[in-house]
Amino acid sequence: MSLAEITTTPEATGCDPKHFRHVNSLLERGVKEQIFPCAVYMVLRNGMVIAHGAFGATQPDAHPPIPCKPDTIFDLASITKTFTATLLLQHVEEGKLTLNHEVADYLPEAKETPVGAVTLKQCATHVSGLPAWKALYKSKNPAFAEILATPLDKKPGTHYAYSDLGYITLGKILERVSGKTLDVLVQERICLPVGMKSAGFRPNSSLAGRCAATANCPMREGKILVGEVHDANAHSMGGVAGHAGMFSNAEDLARYAIALEYPEVARHLQIKPLLGNLTRKLIESNQVDPTVGSHSIGWFTPPNGYLPRGDILSERTFGHTGFTGTLLMFDPENDLTLILLTNRVYYPRDAGESLRMRRLFANAVAGAIRP
């Protein structure tokens, strides 16, 4: 499947093509104001690409600087969690595990540890009681051993805290149940069947020229990273983890989106949908007690403040972001998919402007829909 096979005009899907100039100018401003060195976006409606663009320099300190292109590869950061969640649900569909089983049911070494009695669903929806973050890379012990020794902050199921630790745990469970490493699972079960040729953990060195540079990792201060995971904990785990480490370009993420949310389009393109119709409901809607929070199996759902859906997209919108400046978001009610890839961590500044940019981007895309 080439990009041309999944591309149509905005008019064909009820969108105003001229409106996307607002999207372009927004991202051009982001580059000019050094919110990020480069950006790529892609918008799908009805499972077809209707707009895309690339801006800035992929590696601004290269000689000469490498211009950003539609096929530029980005560190997805926490969008990796959605791949872990997809693998988790595939194993559920195959009867290999259930979401209500406990961590210790699959990892015997977790028995008698704080996380042992936490369910897989609680890990997947960030109500495990685990702390939001821990500097695993500073420990002399293996990362997962540190997680097993970590006390819970809250009673499981009673408090929402977006936590990398729960997804690292899920990654370990998937490896134990399947007998394969997480990077192999992602390739065999997602990337290869969907045709994602540039996606995966630890990009091959031959792809370095297409990778957007990152920097300002607390573990590697002063170092510019190209094709090397930015997340310090993921780096300490060899670049493969359930919470971070995936790389991809926009086109491959579009394939992923189609395989997840547009089964009819996927079949037309001879791509097997990644999840069944019933299972897909678990990623599209909140799976947490609404008095506690809002998160599906793998994705932010309204009214979760981490979901940058702006002011116009529907209440059915769900999506995920990445610390490096990435976004993959769906609005099933309006048949929209939004992809925004940036490398905002290249500059040593806080994330405030980048977070606002995501919401402005969502508004600018949603505003293109016309009767």
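What counts and how
- Residue numbers run consecutively from 1 along every chain, following the written order of its sequence.
- A pLDDT threshold of at least 70 governs which residues receive local features in this predicted model, and a stricter bar of 80 or more applies before side-chain atom pairs are shown or counted, although totals over entire chains, interfaces and linings include all residues.
- To obtain the side-chain values, all non-hydrogen atoms of the structure were included, while hydrogens and water were left out.
- A helix here means a DSSP run of H or I that spans at least four residues, while a strand means a run of E at least two residues long, and both kinds are numbered starting from the N terminus.
- Exposed residues in this analysis have more than 50% of their type's maximum accessible area, buried residues have under 20%, and partly exposed residues fall in between, with area computed by a 1.4 Å probe over protein chains only.
- Only heavy atoms enter the contact rule, under which two residues are in contact if any of them lie within 4.5 Å.
- Note on terminology: a nonpolar core comprises buried Ala, Val, Leu, Ile, Met, Phe, Trp, Tyr and Cys residues joined through side-chain atoms within 4.5 Å.
- Planes of paired rings set the category: under 30 degrees apart is stacked, over 60 is edge-to-face and the rest tilted, where pairs are Phe, Tyr or Trp rings (Trp by its six-membered ring) whose centres lie within 6.5 Å.
- Comment: the charge-over-ring label is applied if NZ (Lys) or CZ (Arg) is within 6 Å of the ring centre and within 35 degrees of the ring normal.
- Two strands form a pair only when DSSP identifies at least two bridges running between them.
- Think of each axis as a best-fit line through the C-alpha atoms, taken over the contacting stretch in the case of a helix, with angles from 0 to 180 degrees between the N-to-C directions.

1. Some points on the environment of Ala39
Residue placement: Ala39 occurs in strand β1 (residues 38–45). Relative accessible area serves as the criterion here: at 0%, Ala39 is assigned to the buried category. Once the C-alpha coordinates of Ala39 and Arg344 are considered, the two residues, 305 residues apart in sequence, prove to be 9.0 Å apart. Setting aside anything within four residues of it in sequence, one finds Ala39 in contact with Gly53, Ala54, Phe55, Cys68, Leu341 and Thr342.

2. Focus: the nonpolar core
Core analysis: the biggest nonpolar cluster contains 83 residues, and Phe83, Tyr256, Leu328 and Ile339 have the highest contact counts within it. Among the elements that take part in this core, helix α9 (residues 250–261) stands out by supplying eight residues, more than any other. Ignoring any residue separated from it by four or fewer positions in sequence, one finds Leu328 in contact with Ile79, Leu253, Tyr256, Ala257, Trp299, Gly319, His320, Thr337, Leu338 and Ile339. Ranked by size, the runner-up nonpolar core spans 33 residues in total, among them Phe55, Leu327, Leu336 and Ala364.

3. Things to note about the packing of aromatic side chains
This model, assessed by the stated rule, comprises 11 aromatic pairs. With a centroid separation of 5.6 Å and an interplanar angle of 90 degrees, the aromatic rings of Trp299 and Phe318 are classed as edge-to-face. Of this pair, Trp299 sits in the loop between α11 (277–284) and β7 (318–322) while Phe318 sits in strand β7; the two residues are 19 residues apart in sequence, bridging distant segments of the chain. Of the residues examined, Phe318 reaches a relative accessible area of 0% and is grouped as buried. Measuring from centroid to centroid gives 5.1 Å for Phe318 and Phe330, while their planes differ by 25 degrees, and the two rings are stacked. Remark: Phe330 occurs in strand β8 (residues 326–331) and Phe318 occurs in strand β7; sequence separation between them is 12 residues. Taken together, Tyr41, Phe55 and Phe361 form an aromatic cluster joined through their ring pairs. Here Arg344 stacks its cationic end above the ring of Phe323, 4.4 Å away from the centre of that ring.

4. Things to note about the sheet that holds strand β2 (residues 48–59)
Strand order in the open sheet formed by six strands is β3-β2-β1-β9-β8-β7, with antiparallel pairing between adjacent strands. Each edge of the open sheet is held by one strand with a lone partner, namely β3 (66–67) and β7. The sheet contact formed by β1 and β2 spans eight bridges and is antiparallel. Across the sheet, Met42 pairs through a bridge with His52, a residue of β2. Across the sheet, helix α1 (residues 20–32) touches β1, β2 and β9 (336–342), and the angle it forms with β2 is around 15 degrees.

5. Regarding the pairing of β7
Within β7, five of the five residues are buried, leaving the element largely enclosed by the surrounding structure. Going residue by residue along β7, you find Phe318, His320 and Gly322 tucked away on one face and Gly319 and Thr321 tucked away on the opposite face as well. Two strands pair when backbone bridges link them, and β7 and β8 are joined in this way by five bridges, in the antiparallel orientation. Pairing of Gly319 across the sheet is with Met329, part of β8.

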